[in-house]
Amino acid sequence: MNETKKQQITEYRIREAAKNIKLLILDVDGVLTDGSIILDNEGNEFKAFHVRDGHGIKMLERAGVKVAIITGRHSKVVERRAHELGITEVYQRCNIKSVAYEHLIEKMGITDKEVAYIGDDIVDIPILKRVGLPIAVADATDETKAEAMIITKNYGGRGAVREICDLILKSKGKWEELIDV
């Protein structure tokens, strides 16, 4: 089979998987941010979020796709950004992310096949191995990329989340109605 045919089959499988997505789960550091953690002398933490990632999340929510966060760290900044974006399912201080994942899919009554997950590091691999649409950002670890169906073109905190939001919306046939608003 030639490379063009393989690429077409891969793209078809990705679109088919994306059609089934009811929940997008995001890691924070390295996915919603570039992974930088900035601390000042008073102990305040700063993170930078990409505005287009936020807009993509809002469009997904308008299209009926839920968004959740599972992260290993705890940060008030994450709580604030999640609140701004209307993300109510936020799991912080998750040393074993699969525990939060199990709770989340049970609570929502969905299957692994209906979940997309974006990660960047080895702590994300157990969930990536389970979900219907496993995604790694462009600057993820090699081990993480090896478990992904999609590797974004954009880096974490630099539009990678928006890239996936757009893909899901287009695959579900929701793109046109959202941009016509």
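Here's a quick rundown of the structure. Note that the structure is predicted; figures quoted are calculated from it, not measured.

**Examining the sheet that holds strand 4 (residues 66-70)**
With parallel pairing, six strands are arranged side by side in an open sheet as 5-4-1-6-7-8. Two strands close off the open sheet at either side, each with one partner strand: strand 5 (89-91) and strand 8 (150-151). Of the strand pairs in this sheet, strand 1 (residues 23-26) and strand 4 are connected by four bridges, and their pairing is parallel. Of the residues in strand 4, the one forming a bridge with Leu24 is Val67.

**Quick word on the packing of helix 2 (residues 51-62) against helix 3 (residues 76-85)**
The interhelical angle for the contact between helix 2 and helix 3, taken along N-to-C directions, is 50°, at an axis separation of 10 Å. When the interaxial angle is binned, helix 2 and helix 3 end up oblique. Mapping the contact onto sequence places Val51, Gly54, Ile57, Lys58 and Glu61 in helix 2 and Arg81, Glu84 and Leu85 in helix 3.

**A short note on the pattern of salt bridges**
One pass over the full model with this rule turns up 15 salt bridges. One salt bridge connects Asp29 with Lys47, and the closest N-O pair in it is separated by 2.5 Å. Residue Asp29 is found in the loop between strand 1 and strand 2 (38-39), and its partner Lys47 is found in the loop between strand 3 (45-46) and helix 2; the two are separated by 18 residues along the sequence. Of the two residues, Asp29 and Lys47, both sit in the buried class. Salt bridges linked by common partners bring Asp29, Glu45, Lys47 and Arg73 together as one network.

**Notes on the layout of surface pockets**
Taken as a whole, the largest pocket encloses approximately 260 Å³ of empty space. Residue lining of the largest pocket: Gln7, Thr10, Glu11, Ile14, Ile150, Ile151, Lys153, Glu163, Ile164 and Leu167, and that is the complete set. With four residues, helix 1 (residues 3-19) is the largest single contributor of residues to the lining of the largest pocket. Looking at the lining of the largest pocket, its residues break down into five nonpolar, two polar and three charged.

Rules behind the numbers
Residue positions within a chain follow its written sequence, with the count starting from 1. Per-residue local features are limited, in this predicted model, to residues with pLDDT of at least 70; the limit for side-chain atom pairs, both in listing and counting, is 80 or more; totals at the level of whole chains, interfaces and linings are taken over all residues. Remark: hydrogens and water are excluded; side-chain values derive from all non-hydrogen atoms of the structure. At least two DSSP bridges between two strands are required for those strands to pair. For the purposes of this entry, the term helix denotes a DSSP run of H or I that reaches at least four residues, the term strand denotes a run of E that reaches at least two, and both are numbered from the N terminus. The convention used is that axes are lines fitted to C-alpha atoms, helices contributing only their stretch in contact, and that angles between N-to-C directions extend from 0 to 180 degrees. In what follows, roughly perpendicular refers to angles from 65 to 115 degrees, roughly parallel to angles under 35, roughly antiparallel to angles over 145, and oblique to any angle outside these ranges. Contacts are residue-level and defined by heavy atoms, with any inter-residue pair within 4.5 Å sufficient. The term salt bridge refers to a pairing of a side-chain nitrogen on Lys or Arg with a carboxyl oxygen on Asp or Glu at a separation within 4 Å. Using a 1.4 Å probe on the protein chains alone, a residue whose accessible area is under 20% of its type maximum counts as buried, one over 50% counts as exposed, and one in between counts as partly exposed. Cavity means a closed set of points on a 1 Å grid over the protein atoms alone, one where a 1.4 Å probe fits but cannot get out, pocket means an open set with protein on both sides within 12 Å along at least 5 of 7 lines, and lining means a residue has an atom within 4 Å of a point. Grid points are joined across faces, edges and corners, and a volume is the space filled by probe spheres set on the points. Amino acid classes used here: Ala, Val, Leu, Ile, Met, Phe, Trp, Tyr, Cys and Pro are nonpolar; Asp, Glu, Lys and Arg are charged; the rest, including Gly, are polar.

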